Structures are given as C-alpha cells and as structure tokens.
Amino acid sequence: MNIVVLVKQVPDSGSERKLDPADNTVARAAADNVINEMDEYAIEEALTIKEAQGGEVTVLTVGPDSATDAIRKALSMGADKAVHVVDDAIHGSCAVQTSAVIAAALGQMEYDLVMCGAEATDAQLSVMPALLAERLGLPQLSGARKVTIEGGTAKVERQTDGGFWALEAPLPAIISTWDTINEPRYPSFKGIMAAKKKPVETRSLADLGLDAGSVGLASATSKVLDFAGRPPKGEGVKVTDEGDGAQKFVDYLAGQKIV
Amino acid sequence: MLDYRLSDETESLRTTVREFAQEVIAPQIGEFYERDEFPTEIVRQMGELGLFGLPFPEEYGGGGGTYFDLCVALEELARVDSSMAITVEAGVSLGAMPIFRFGTEEQKREWLPRLCAGEALGAFGLTEAGGGSDAGSTRTTARLEDGHWVINGSKAFITNSGTDLTELVTVTAVTGDKPQGGKEISAIIVPSGTPGFSVGKRYSKVGWNASDTRELSFDDCRVPEENLVGQRGRGFAQFLSILDEGRIAISALSVGLAQGCVDESIKYAAEREAFGQPIGRNQAIQFMIADMEVRASTARLAYYRAAEKMLRGEPFRREASIAKLYSSEVAMDNARYATQVHGGYGFMNEFPVGRFYRDAKILEIGEGTSEVQRMLIARDLGVG
C-alpha cells in the first residue's frame with residue numbers, strides 16, 4: 001500500500017497570525033510556522049495503515065524553502081520519503097491553482113491512496129480533496145473519523161454533526177481525516193535521527209510541466225481584497241436573575257447551540 | 001569559533017520534548033505530585049520517545065545522540081516538571097551509564113536495550129544514611145562466597161529504585177581492604193526481586209514528589225560473581241568519573257526549572273488583574289520577570305559551555321561545577337520570585353510555581369552541594 005500524504009506548513013494557530021499588507025497573503029516569513037495540525041492525523045493514519053499492510057508513505061508538500069521543517073517532522077514521525085514542490089512563482093496561489101500543482105506532482109508518483117487533513121488551519125477552505133478528486137478522476141472520501149482498507153477498497157466513517165456516514169470507494173482514492181480519528185505519535189529521537197537520511201526530492205514548476213503564469217497571485221481565481229483584525233472581545237452577556245435565571249441561562253446555551 | 005545554535009536534530013528533539021511536556025505531562029503531573037505517586041505510564045511514553053537512550057549507541061538500543069542532547073531534553077522536561085526530568089536523568093546517568101561505561105559486553109547486551117527503551121529502569125545505590133560523597137563511610141559489604149557476592153547493608157535516597165519498571169540496582173559495597181590501606185569498594189548489579197534485597201517505602205519528600213526515592217536493604221543477598229561492574233576495588237572511582245557530566249545534566253534541569261518560572265510568571269502577569277489592570281503593567285513585576293529571564297539565560301550559557309568542552313573531549317570539571325552551582329542557585333532564586341509574582345496563588349498547589357518552589361531546593365544539594373562545588377572550583381583555581 002503506497003500512500004501519499006499531503007502536508008502543508010502553516011502559521012501556528014496557537015500564536016498570533018497576520019496577513020502581509022503588501023499583497024494580502026498569509027505572512028509566513030515572520031510567523032511561527034508549523035506542520036498543519038490536521039495533517040498530523042493524516043500522517044498518523046497513513047503510518048498505521050503502512051505498519052499493518054506494508055508499503056511506503058510519501059509526503060508531498062507545496063511551499064517555500066522553509067517548509068522543509070514540516071517535511072522533516074513528517075519524516076521524523078515515520079514517513080519514508082518526501083517530494084517538495086518549491087517555486088517562487090507559486091506564491092499567492094489560490095486553492096484551484098494549488099490543486100493543479102499538487103495534481104501534476106501526484107501524476108509523477110505511484111500511489112494507492114492520497115491522504116490529507118480535513119482542513120488547513122490557515123485558510124480553512126477544506127476544498128483540496130474535492131479539487132484533486134475532480135482533476136485526477138478519483139473518488140473522494142472526505143472528513144473521515146475512521147478508515148479501513150480492505151483489499152482494493154477504502155471504507156470510511158465520514159463525521160457529521162449528528163453522527164457519521166459509512167462510505168466506501170475503490171482504490172486509488174483520496175481520503176481526508178479529522179482530528180477525531182487517532183492520536184498522532186510524537187517523533188522519537190531515533191525517528192528524528194533517521195529523518196535526516198531520508199530522501200527529499202524537490203520539484204520546480206518546470207519539472208512538473210507547468211507554466212509559471214498559470215499559478216501565483218496575478219492569475220489567482222480568488223484574492224483577499226481587504227482585511228481587518230478581529231474586533232476586541234465584547235463584554236459578554238449579563239443576565240439579571242429575576243427568579244428565571246436558570247431558564248435564561250439554558251436559553252442562552254441553546255441559542256449558541258452549546259446544548 | 002563561537003556557535004551555540006542547536007543542530008537541526010537537537011532542535012527537533014527540543015521541540016518534541018517541549019510539546020510532549022506541555023501536552024502530556026503538564027495536564028496530569030500535579031495530581032501525581034499531590035498523591036506522591038510515580039506516573040508509570042508517562043515514564044513509559046518518555047521511553048517511547050527515546051529519552052532514556054539518548055546518549056547511547058544504536059547497537060545497544062540507544063538513540064545515537066550526545067550527552068548534550070540529553071541535557072536539552074532534561075531542560076525542556078524540567079521547564080514543566082522536575083520529577084519527570086530527574087527520573088530520566090537518574091535513569092540515564094545512574095541506571096544505564098555505569099553499565100555502558102564499565103560493564104562487560106554481556107552486561108551491556110543484557111541490560112542496555114531495555115534500559116534505553118525505558119521498558120526497564122535502573123538505579124544506582126551509592127549513598128548510605130551515614131554519608132553521601134564520603135567513600136570511606138560506606139558500610140554495606142559484599143563478600144565472595146562460592147562464586148556469589150553476598151551483600152549486607154543498606155542504602156539511602158535511591159532514585160528509581162522501587163518503581164513498577166525498576167529491574168536493577170547497581171550497588172556500591174566494601175569488598176575488602178586495599179593493600180595500601182583503606183576500604184576496597186566495588187559496584188555490583190543486583191536485579192530487582194533478588195532474595196535478601198528489599199526495597200523500602202517511598203520517602204516523604206519536600207519536592208520531586210512524583211519521582212521514586214527509597215531506602216534499600218540487603219540481608220545476605222546473593223548475586224553471581226559476574227554481576228561485578230567494572231574493576232573490583234574501583235567502584236567509587238568509577239562513579240566519580242561520571243559525576244562531572246551528571247553535574248551538567250543537573251544544571252540543565254535547573255535551567256529548565258528557572259525558565260519554567262519565567263513562562264508561568266509571564267502568563268500570570270498577563271492574566272491577573274489588580275486595580276483595574278494586568279499586574280504585568282507594574283514595573284515591579286516587569287523587573288522581577290526581566291531579572292528571572294537574565295538568570296535563566298546566563299545559566300543556560302554556563303551549561304552549554306561545559307557541555308561544549310565535554311563534547312570536544314577537553315577537561316570540563318571546573319565548567320561543570322560552575323554551571324551546576326550557578327544554575328541551581330538561579331533555579332532557587334527564580335522559584336522564589338515566580339512565587340512572589342503569583343502572590344497568594346503562588347502558595348497554592350494548583351499553580352505549577354508552588355511545585356517549582358518545592359522542587360528547586362534539592363538542586364542546591366544533590367549531585368554535590370553548592371559548598372562542594374565552591375570547594376572544587378577553588379581547588380581547581382589553586383586557591384588554598
């Protein structure tokens with residue numbers, strides 16, 4: 001079972017994140033960049049499948065030079081090798097353009113399964129599995145909370161608000177995973193030491209047979225026109241108890257869909 | 001050349017241990033500490049991370065890293081909790097290191113893979129109730145009888161000696177008299193569960209409460225003659241030769257605690273409001289935290305310097321003593337100031353700084369007291 005896991009480096013969702021006022025793209029240079037948290041679950045699931053069924057796990061990343069840190073983490077966790085698509089022209093690409101780059105890279109790889117996190121914590125579009133499925137003509141099993149691979153078939157439980165859907169599709173397929181699926185392992189020190197010897201191939205747009213004009217901010221299908229910081233936290237809701245405090249409290253929780 | 005940047009691998013290790021400490025240790029260690037309980041499952045997980053095998057070669061199941069890698073990991077553990085840091089420190093420096101340095105090939109093959117994996121813990125039984133660093137005061141004896149050592153005596157303050165994972169204790173004992181006079185002291189492996197070897201109950205300690213520290217006693221305890229570690233009569237000298245590097249490890253642990261005090265104080269100063277604003281707006285608080293950061297940073301440089309000399313194979317005894325002395329006092333100072341920043345809550349066990357305060361004092365005592373370090377430094381300078 002050869003699995004390609006799509007990994008994205010994103011600004012740490014736990015620290016302050018900014019857009020670059022020069023072109024309204026994500027300010028990556030000054031950010032505390034980490035592997036997209038949701039991708040770690042996909043890596044873990046891919047490693048678990050590999051450990052049970054054999055095969056190889058390859059990491060595929062599109063991103064600047066600094067994205068090697070995210071690749072190294074994935075390799076430390078146990079992935080076997082990596083492909084890093086890096087090209088200055090890709091900066092500012094929209095999801096549609098990025099999916100063309102990923103699809104072209106996948107076209108040069110052999111795989112039974114493509115896995116990724118259900119969303120990236122920077123833009124949170126969650127559209128990549130669908131875009132890739134369309135471009136590659138593959139079935140997509142998105143939002144999985146459970147994955148089973150049997151013979152040539154992938155079965156997943158797709159997480160929904162009220163429960164799950166049981167889905168299956170023939171391989172090769174694209175599966176995206178939520179953070180309910182497993183508990184990603186920490187890289188062991190042996191894994192960290194082994195990672196530096198694992199092969200990382202870099203590809204440019206030219207290597208993938210893509211025209212630089214087809215990607216990047218200038219020809220993106222969507223652009224951020226303007227942005228503003230999150231408004232400061234409000235005062236909250238104050239409820240005066242006039243004998244019906246409990247009811248008001250429950251009404252509030254219900255209104256927020258908390259209960 | 002001057003370059004204290006960490007290699008990519010050491011930096012990855014540091015990040016991983018930091019995440020592990022924050023996500024796995026921090027949420028649950030307070031309860032273990034309160035209950036005076038050794039968190040076996042956390043220790044197993046630290047084993048899976050490879051922390052117990054860091055400085056040992058891969059052929060014995062180690063990670064193939066350096067002693068400095070171990071120090072960096074200890075610093076990040078102690079930044080969150082010292083009980084877990086000292087458990088790793090003792091497991092490596094006292095449990096596995098004597099066997100790795102002085103053991104026979106058979107002893108290494110038998111013990112190191114499980115010790116490196118953290119599946120088994122080893123302890124070192126040197127100290128006795130009557131004295132710590134004074135070899136002459138050793139009272140435990142081992143006499144050779146029919147191809148077996150017969151051990152009698154007791155040991156005090158032995159870390160990792162009675163956990164569910166403990167599988168051996170290396171014990172120092174008097175095995176005879178030296179030809180030139182004085183006691184001949186040797187080190188002998190005693191597997192856990194050997195008849196005649198009993199492990200006492202856990203001490204009630206001021207700090208490090210989630211770590212395991214016990215009294216051991218030996219009553220005609222018999223182990224095979226080949227359990228001797230290294231040369232007969234060199235038991236104490238061997239131990240002294242690995243003491244210097246242990247001081248760098250304790251220094252790293254102290255720096256971690258000192259840095260943890262900074263982390264917690266920054267967080268608290270931003271959250272806690274008094275007189276309508278966060279207390280961090282007050283210069284008194286700002287200066288305390290700035291001073292804490294200065295101390296932690298300079299103490300880190302001290303242990304980096306000692307480790308750098310050690311890795312280059314140069315003598316590092318003075319630097320190790322300087323690092324240990326300075327960083328343990330820094331840990332104590334920062335724990336005092338961090339508690340002060342927290343005010344009344346600093347005296348409550350629900351905040352980590354209370355734990356840091358209780359854990360700091362032992363750093364000025366263990367692995368050579370501050371007075372021993374000053375004596376060693378002065379002696380090295382040719383004073384007196």
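Rules used in this analysis
- Residues numbered from 1 in each chain as written.
- Chains lettered and ligands numbered in written order.
- Predicted model: local features only at pLDDT ≥ 70, side-chain atom pairs only at ≥ 80, totals over all residues.
- Heavy atoms only, no water.
- UniProt positions renumbered as here; feature names shortened; annotations may be inferred.
- Salt bridge = Lys/Arg side-chain N within 4 Å of Asp/Glu carboxyl O.
- Helix = DSSP H or I, 4+ residues; strand = E, 2+ residues; numbered from the N terminus.
- Buried < 20%, exposed > 50% of the residue type's maximum accessible area, 1.4 Å probe, protein only.
- Contact = heavy atoms within 4.5 Å.
- Pairing = 2+ DSSP bridges.
- Axes fitted to C-alpha atoms, helices over the stretch in contact; angles between N-to-C directions.
- Domains from an automatic or database assignment.
- Buried area = accessible area lost by both parts, 1.4 Å probe.
- Parallel < 35°, antiparallel > 145°, perpendicular 65-115°, else oblique.
- Left-handed = near helix turned anticlockwise from the far one by under 90°.
- Nonpolar A, V, L, I, M, F, W, Y, C, P; charged D, E, K, R; others polar.
- Phe/Tyr/Trp six-rings, centres within 6.5 Å; stacked < 30°, edge-to-face > 60°.
- Lys NZ or Arg CZ within 6 Å of the ring centre and 35° of its normal.

- The name an unreviewed UniProt entry gives chain B is Butyryl-CoA dehydrogenase, with Blastococcus xanthinilyticus as the organism.
- The UniProt entry for chain B carries the following comment under Sequence similarities (unreviewed entry): "Belongs to the acyl-CoA dehydrogenase family."
- Reading the Cofactor (unreviewed entry) entry of the UniProt record for chain B gives the comment "FAD".

- You'll find chain A entered in an unreviewed UniProt entry as Electron transfer flavoprotein subunit beta, with Blastococcus xanthinilyticus given as the organism.
- Reading the Sequence similarities (unreviewed entry) entry of the UniProt record for chain A gives the comment "Belongs to the ETF beta-subunit/FixA family."
- Under the Cofactor (unreviewed entry) heading, UniProt states for chain A: "FAD".

### Focus on the pattern of salt bridges
All names here are of chain B.
Then step 1. This structure, assessed with the given rule, holds 49 salt bridges over all chains.
Then step 2. Its salt-bridge partner being Arg317, residue Asp244 comes within 2.9 Å of it at the nearest N-O pair. One end of the pair, Asp244, is in helix α7 (residues 243-271); the other, Arg317, is in helix α9 (residues 317-342), with 73 residues separating them in the sequence.
Then step 3. Between Arg374 and Glu329 there is a salt bridge, and its shortest N-O distance comes to 3.0 Å. Taken together, the positions of Arg374 in helix α11 (residues 370-380) and Glu329 in helix α9 put the pair 45 residues apart, joining distant regions of the chain.
Then step 4. By relative accessible area, which is 24% here, Glu329 ends up partly exposed.
Then step 5. Through salt bridges with shared partners, a single ionic network connects Glu11, Arg14, Arg18, Glu76, Arg79 and Asp263.

### Some points on unusual backbone geometry
All names here are of chain A.
Then step 1. Omega for the bond connecting Leu171 with Pro172 falls within 30 degrees of zero, at -5°, which places this linkage in the cis form.
Then step 2. Residue placement: Pro172 occurs in the loop between β11 (164-170) and β12 (173-177).
Then step 3. A positive phi angle, close to 55°, is found at Gln124, a residue other than glycine.
Then step 4. Structurally, Gln124 is set in the loop between β8 (113-117) and α4 (128-136).

### Here's the deal with the UniProt feature "domain: Acyl-CoA dehydrogenase/oxidase N-terminal" (unreviewed entry) in chain B
Then step 1. Taking the numbering used here, the UniProt-annotated feature "domain: Acyl-CoA dehydrogenase/oxidase N-terminal" (unreviewed entry) corresponds to residues 7-119 of chain B.
Then step 2. Annotated as 73% helix and 0% strand, the span residues 7-119 of chain B places its first and last C-alpha atoms 28 Å apart.

### Some remarks on the environment of Cys71 of chain B
Residues and elements named next belong to chain B.
Then step 1. Here Cys71 shows up in helix α3 (residues 67-78).
Then step 2. Exposure remark for Cys71: the relative accessible area of 0% places this residue in the buried category.
Then step 3. Separated by 48 residues in sequence, Cys71 and Glu119 place their C-alpha atoms 21 Å apart.
Then step 4. Beyond its immediate stretch of four places on either side in the chain, Cys71 contacts Ile248, Ala249, Ala252 and Tyr303.

### Considering the sheet that holds strand β13 (residues 200-203) of chain A
All names here are of chain A.
Then step 1. Strand order across the open sheet formed by 9 strands is β11-β10-β9-β12-β8-β1-β6-β7-β13, with mixed pairing between neighbours. Bordering the open sheet on either side are β11 and β13, each of which pairs with just one other strand. Each adjacent strand pair in this sheet contributes to an overall mean axis angle of 30°, direction not counted.
Then step 2. Packed on one face of the sheet, helix α2 (residues 68-77) meets β6 (57-62), β7 (81-85) and β13 and runs near 165° to β7.

### Focus: the domain arrangement of chain B
All names here are of chain B.
Then step 1. Split by domain assignment, chain B resolves into domain 1 (8-121), domain 2 (123-233) and domain 3 (237-380).
Then step 2. A C-alpha centroid distance of 20 Å is found between domain 1 and domain 3.
Then step 3. If you look at the interface, domain 1 gives 26 residues, while domain 3 gives 28 residues.
Then step 4. On the surface where domain 1 and domain 3 come into contact, there are 5 salt bridges.
Then step 5. Ionic pairing is found between Glu75 and Arg300, a salt bridge with its closest N-O pair at 2.9 Å.
Then step 6. Residue assignment for the side of domain 1 that touches domain 3 shows that the elements contributing at least two residues are α1 (8-34), α3 and α4 (82-102).
Then step 7. Examining the composition of the side of domain 1 that touches domain 3, we find that 10 residues originate from one element, α4, more than from any other.

### Overview of the interface of chain A and chain B
Then step 1. Of the residues lining the interface, 10 residues belong to chain A; the matching set on chain B comes to 18 residues.
Then step 2. Regarding the contact of chain A and chain B, the summed buried area is about 1300 Å², with carbon and sulfur atoms giving 61% of it.
Then step 3. Our count for the chain A to chain B interface comes out at 2 salt bridges.
Then step 4. Note that Glu19 of chain B is salt-bridged to Lys73 of chain A, the shortest N-O span being 3.2 Å.

### Topic: the packing of α7 of chain B against helix α8 (residues 283-311) of chain B
What describes two packed helices is the angle between their axes and the distance between those same axes.
Residues and elements named next belong to chain B.
Then step 1. Viewed as axis vectors pointing N to C, α7 and α8 meet at an angle of 160°, and their least axial separation amounts to 9 Å. It follows from the interaxial angle that α7 and α8 lie roughly antiparallel. Handedness of the crossing formed by α7 with α8: left-handed. Residue-level contacts link Glu245, Ile248, Ser251, Ala252, Val255, Ala258, Gln259, Cys261, Val262, Ser265, Ile266 and Ala269 of α7 to Ile285, Ile289, Met292, Glu293, Ala296, Ala299, Arg300, Tyr303, Ala306, Ala307 and Met310 of α8.
Then step 2. Grouping the constituent residues of the contact of α7 with α8 by class yields 17 nonpolar, 3 polar and 3 charged.

### Some details on the packing of aromatic side chains
All names here are of chain B.
Then step 1. The final tally for this structure, using the stated rule, is 12 aromatic pairs over all chains.
Then step 2. Consider the rings of Phe68 and Tyr304, whose centres lie 5.0 Å apart with planes at 85°: the pair is edge-to-face. Residue Phe68 is located in helix α3, and its partner Tyr304 is located in helix α8; the two are separated by 236 residues in the primary sequence.
Then step 3. Residue Phe68 is classed as buried on the basis of its relative accessible area of 12%.
Then step 4. In this structure an aromatic cluster arises from ring pairing among Tyr4, Phe68, Tyr303 and Tyr304.
Then step 5. Above the face of the Phe32 ring, Arg35 is positioned so that its terminal group lies 5.1 Å from the ring centre.
Then step 6. The aromatic ring of Tyr33 is capped on one face by Arg355, whose charged end is 5.9 Å from the ring centroid.

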